[in-house]
Each structure stands twice: as C-alpha cells, then as structure tokens.
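Fold and geometry: a report
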Amino acid sequence: MPICPPSSDSSSPGSGARVWIFHGLALGAAAAAAAAAAYLYRRPGGGFRSRAVGIIPARFASSRFEGKPLAHILGKPMIQRTWERVMLASSLDHVVVATDDERIAECCRGFGADVIMTSESCRNGSERCCEALQKIDKNYDIVVNIQGDEPLIEPEIIDGVVMALQRAPDAVFSTAVTELKPEDASDTNRVKCVLDNQGYAIYFSRGLIPFNKSGKVNPQFPYLLHLGIAGFDSKFLKIYPELPPTPLQLEEDLEQLKVLENGYRMKVIKVDHDAHGVDAPEDVEKIEALMRARNIQFGSSI
C-alpha cells in the first residue's frame, strides 16, 4: 500500500516506479479506523501534530570532509541539491537551513533558502535543529531533521516520516529504513536497525544486527539500513538536548539511541530507496556518476 503517490516529475530520481511501504500503520477495518479518527493526530499531552517544518543542519567543520555542504555536485553546492529536494515535500509548511558558518549561510541565501544562524557549540544535528526551532517565529508540531549530505533524498520519504509521527501518538520520533545491501553489512558508516512487529525501533547499530551464530551475512534475512532523516515531536525536541548522553549512544556514536535508552518510542517506516549519502570526498564522484546515469544535466535542478 503506497504511503504517498510517487512524484509525477519524470526527471525526479525513482519517480513513478517506487513501492512505498508504511510499516505497521495499516488502517485496519473501516469501523476501527472511524473510531480512531478523532485521535489520529493527537500528540502526547494534548493538541494535534499538524504543522511541520523541515530543518537542514549544515556545518563547515568536519573531520572526514571539511566544507562538505559547499562541495559541488554537477555544478551546484551539495546543500543546494539537498534543499531543492526537500522543497518538493508536500508535508512541510516551511524549510530552513541551520548553520554556524557564514560561508554556508551566504551560499544558501544566494539560491533563495531561508537561513537561521546557530551556535558553534551544537554537538550534533538534533541540537542544531532544536536551537533553530527556538529562533523560528512560528510554532510547529513536527520538526524534520534532514541531513544535508543526501542530495538525492526523495520528498516522499520526508512526507512518510511526517505521516508516521502524525499516526503514532505514542511516539516522539520517527525515521525511515530501507533494505541493506549485503556489501554494506560491515560498513560502519551504514547504520543498521531492527524493529518490533508494530514498526517501532528496537535498536540501531553500526555493526550488523541481528547477528547469527555463523558470524556471516545471511542472504535470506531482510537486514535494514537506517536513513539519515528524523522527525521529532517539537515538544520533545526542546527537551532532547537536556537529556544526558547515554552509554549506548556514546559507544555506538548514534544520537537516536539516546531516545530509546530514555524510554521514548520511535516509529519507523520502511521505504524502497537506494541510499546515496556523501561521507567522504570520493563519494561526490559516485553521486555525479549516478546523476549522469539518470540523465540529470549539469547545473540543473533534480
């Protein structure tokens, strides 16, 4: 069952031929759906999750790839490529770039993005989104943290993450996973995820999970790859930076584990997506080769 219709734009990567699976969110019988309709979008503590803002955190300093947001991909800065994709999401009422670097800010203003300056003390993207949210002059119920190094992020995934949080009133966080390629099983930059049978996250790891007795990748098992996108209930995001770091978070260096270790629920959607993040300078050539294969012309919008 599609979670949202594919884009009709034939130039959009993967448009028209993608199967979208909303894990654990089937509506069920008509009578049950009707009875639950009044509570579908109710958030913990009252109110409704309706308005959503997309925030793209971007920093210049990076140990693996300094200045990554400004790296050019077929004639455009990567942050612009990402922003253009995010702007296609129908669920977002507003999109901003949050950065602590004036070079990135100037670049983003040049192509028309709204920019919010944040402090250099932010330890991760979630804290940067939290600070940006406090500086926005409008109230939002959902904040979507979209990593700026996914220049081929699909807007349908953003919409699905928003919908997941709207339809799971007991969750404060939503995210997305896709099929893990066997060759990525040992890649610690590819974060793996396991879910319960209701579509809630159990655990995330840089190692392969689950891990079997043979110590080998099971080609028959549907391993899941976590995608770098996070939907937050805005009330939860405001308290998230105040939660102390947790042992599993520190050991795996995965901030989403702090959510789980503190007992909060996280809704996850499964999507069909060929993940193409940029972690190192050599990944730029891979992205450009893919874009050329998809007939995305030099300097054009994707």
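Above this text is the structure in question.
Keep in mind that what you see is a predicted model, and the values were worked out from it rather than measured.

1. Some words on the pairing of strand 5 (residues 94-99)
Taken across its six residues, strand 5 has five buried, putting it largely inside the fold. One ladder, built from six bridges, connects strand 2 (residues 52-58) with strand 5; its direction is parallel. Residue pairing across strands places Gly54 opposite Val95, the latter belonging to strand 5. Sheet topology places strand 5 next to strand 6 (residues 114-117); four bridges connect them, and they run parallel. Each residue of the ladder has a partner; that of Val97, found in strand 6, is Val115. Crossover strand 5 to strand 6 through helix 3 (residues 102-110) is right-handed.

2. Some remarks on the nonpolar core
Formed by 35 residues in total, the largest nonpolar core has its most connected members in Leu92 and Ile229. A total of six residues in this core trace back to one element, the largest contributor, which is helix 5 (residues 155-167). One finds Cys129, Ala132, Leu260 and Met266 within the second-largest nonpolar core, a separate group that totals 33 residues.

3. With respect to helix 9 (residues 282-293)
Between its first and last C-alpha atoms helix 9 spans 18 Å; for 12 residues at 1.5 Å apiece the expected length is 16 Å, and the two agree. Residues of helix 9 that are buried in the fold lie against strand 3 (72-73) and helix 2 (78-86). One or two positions beyond helix 9, positive phi appears at Asn295, with a value near 60°.

4. Some words on the packing of aromatic side chains
Within a pair of aromatic rings, the relevant descriptors are the distance that separates the centres and the angle that separates the planes. Inspection of every chain in the model, using the stated rule, returns seven aromatic pairs. When the ring of Phe173 is compared with that of Phe232, the centres are 4.9 Å apart and the planes differ by 80°; the resulting orientation is edge-to-face. With a gap of 59 residues between them, Phe173 in strand 8 (residues 173-179) and Phe232 in strand 11 (residues 224-233) connect regions that are remote in the sequence. The cationic tip of Lys267 hangs over the ring face of Tyr200; the distance from NZ or CZ to the ring centre is 4.2 Å.

5. Describing the pattern of salt bridges
Here the structure, examined in full by the defined rule, presents 12 salt bridges. Asp233 is the partner of Arg49 in a salt bridge, and the nearest nitrogen-oxygen pair spans 3.0 Å. One end of the pair, Arg49, is in the loop between helix 1 (30-36) and strand 2; the other, Asp233, is in strand 11, with 184 residues separating them in the sequence. Residue Asp233 is classed as buried on the basis of its relative accessible area of 4%. The partner of Arg206 in a salt bridge is Asp253, and the shortest N-O contact between them spans 3.9 Å. Of the two residues, Arg206 is situated in the loop between strand 10 (201-205) and strand 11 and Asp253 in the loop between helix 7 (247-252) and helix 8 (256-261); the sequence distance between them amounts to 47 residues. Through salt bridges with shared partners, a single network forms among Asp170, Asp196 and Arg265.

6. Digging into unusual backbone geometry
Most of the time, phi is negative for any residue but glycine, and the peptide bond is trans. Of the consecutive residues Ile209 and Pro210, the connecting peptide bond is found in the cis state with omega at -5°. By the element assignment, Pro210 lies in the loop between strand 10 and strand 11. The phi dihedral of Leu74 falls on the positive side, at around 50°, and the residue is not glycine. For Leu74, the location among the structural elements is in the loop between strand 3 and strand 4 (76-77).

7. Some details on the side chain of Arg128
Counting through the fold element by element, Arg128 comes out in helix 4 (residues 125-135). Note on Arg128: relative accessible area 3%, which makes it buried. Once residues lying within four places of it in the same chain are set aside, the contact partners of Arg128 are Pro57, Ala58, Arg59, Ala98, Thr99, Asp100, Thr118, Ser119 and Cys122.

What counts as what
Residues numbered from 1 in each chain as written. Predicted model: local features only at pLDDT ≥ 70, side-chain atom pairs only at ≥ 80, totals over all residues. Heavy atoms only, no water. Buried < 20%, exposed > 50% of the residue type's maximum accessible area, 1.4 Å probe, protein only. Helix = DSSP H or I, 4+ residues; strand = E, 2+ residues; numbered from the N terminus. Pairing = 2+ DSSP bridges. Right-handed = clockwise from strand over helix to strand, strands pointing away. Core = buried A, V, L, I, M, F, W, Y, C linked by side-chain atoms within 4.5 Å. Expected span 1.5 Å × (residues − 1). Contact = heavy atoms within 4.5 Å. Phe/Tyr/Trp six-rings, centres within 6.5 Å; stacked < 30°, edge-to-face > 60°. Lys NZ or Arg CZ within 6 Å of the ring centre and 35° of its normal. Salt bridge = Lys/Arg side-chain N within 4 Å of Asp/Glu carboxyl O.

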